[in-house]
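Chain by chain, the residues:
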Amino acid sequence: MKTLVIHPDDRSTDFLKPIYAGIECTVITSKPKDSELRNLIRTHDRVMMMGHGDNNGLWNVVDGMMCDYFIDKTHAPLLKQKKENFYIWCFANMFVERYKLPGFYTGMFISEVSEAKMLGIKVTQEEVDYSNNLFAENLGRIVNNGPSLLNEIKSVYSHENCPVISYNNFRLKYA
């Protein structure tokens, strides 16, 4: 399966790299011209998109600052043609559900202590790091498991005493 990974270069999301480390893929970390990006999406069987984002898409991050969207509604028709994609960013669920896109996706996903604080969840940096690493390493192990992936990740990405994992796990979806 020819896989395109879109993972904007951002130190705060480096923990996601194990998701695609074990598969043969094309990785882009900086935004190409839109025509090049569209061609890359067209010529790959699936697209894995990850980083920071919101309900309107995946952010393009340059020097730690969101400057525009890497993936937005204009890319939805191309993504809809794929059998399975990965949408891993905060509020990707709103984007995926709005455009009826296929694949694995996340809702609000706590990956930083500041995000947990905004939600009134008290956690330590160690708990957030544990959650991030457990998620990425396990998803990387099962990334090619198709529709069964959701049940598998929910079972291995769990910890009854970690509120971050409980919060995030509930927001993992597959369409």
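Residues numbered from 1 in each chain as written. Predicted model: local features only at pLDDT ≥ 70, side-chain atom pairs only at ≥ 80, totals over all residues. Heavy atoms only, no water.

Trainee: Would you explain the packing of aromatic side chains in this entry?
Mentor: Any pair of aromatic rings gets described here by the distance separating the centres and the angle formed by the planes. On inspection of all chains with the given rule, the structure shows seven aromatic pairs. Seen from their ring centres, Phe109 and Phe135 are 4.8 Å apart, and the 50° between their planes marks the pair as tilted. Of the two residues, Phe109 is situated in the loop between strand E8 (103–106) and helix H5 (113–118) and Phe135 in helix H6 (residues 125–142); the sequence distance between them amounts to 26 residues. For Phe109, a relative accessible area of 5% translates into the label buried. With relative accessibility at 0%, the residue Phe135 sits in the buried group. Among the aromatic side chains, those forming a connected cluster through ring pairs are Tyr87, Trp89, Phe95 and Tyr99. The cationic tip of Arg171 hangs over the ring face of Tyr167; the distance from NZ or CZ to the ring centre is 3.5 Å. Over the aromatic face of Phe170 sits the side chain of Lys173, whose NZ or CZ is 5.5 Å from the ring centroid. (Phe/Tyr/Trp six-rings, centres within 6.5 Å; stacked < 30°, edge-to-face > 60°. Helix = DSSP H or I, 4+ residues; strand = E, 2+ residues; numbered from the N terminus. Buried < 20%, exposed > 50% of the residue type's maximum accessible area, 1.4 Å probe, protein only. Lys NZ or Arg CZ within 6 Å of the ring centre and 35° of its normal.)

Trainee: I keep staring at the nonpolar core and nothing clicks. Help me out?
Mentor: When a protein is soluble and globular, its nonpolar side chains tend to lie buried together. Of all hydrophobic cores here, the largest spans 35 residues; its most connected members are Ile19, Ile88, Phe104, Phe135, Leu139 and Ile153. Of all elements in the fold, only helix H1 (18–21), strand E3 (46–50), strand E7 (85–88), H5, H6, helix H7 (149–156) and helix H8 (163–170) reach the threshold of two or more residues within this core. Residue contributions to this core peak at six residues, all from H6. Excluding its chain neighbours within four sequence positions, the residues that come into contact with Leu139 are Ile19, Phe86, Ile88, Phe104, Leu149 and Ile153. Within the second largest apolar cluster, 20 residues are counted, among which are Ile41, Met49, Phe70 and Phe95. (Core = buried A, V, L, I, M, F, W, Y, C linked by side-chain atoms within 4.5 Å. Contact = heavy atoms within 4.5 Å.)

Trainee: Would you mind going over the packing of H6 against H7 with me for this structure?
Mentor: When two helices pack together, their arrangement is given by the angle between their axes and by how far apart the axes lie. Remark: H6 packs on H7, axes separated minimally by 10 Å, with the N-to-C direction vectors making an angle of 145°. For the crossing formed where H6 meets H7, the hand is right-handed. Seen from H6, the contacting residues are Leu134, Phe135, Asn138, Leu139, Arg141 and Ile142; seen from H7, they are Leu149, Glu152, Ile153 and Val156. (Axes fitted to C-alpha atoms, helices over the stretch in contact; angles between N-to-C directions. Left-handed = near helix turned anticlockwise from the far one by under 90°.)

Read these as geometric descriptors, not functional statements.
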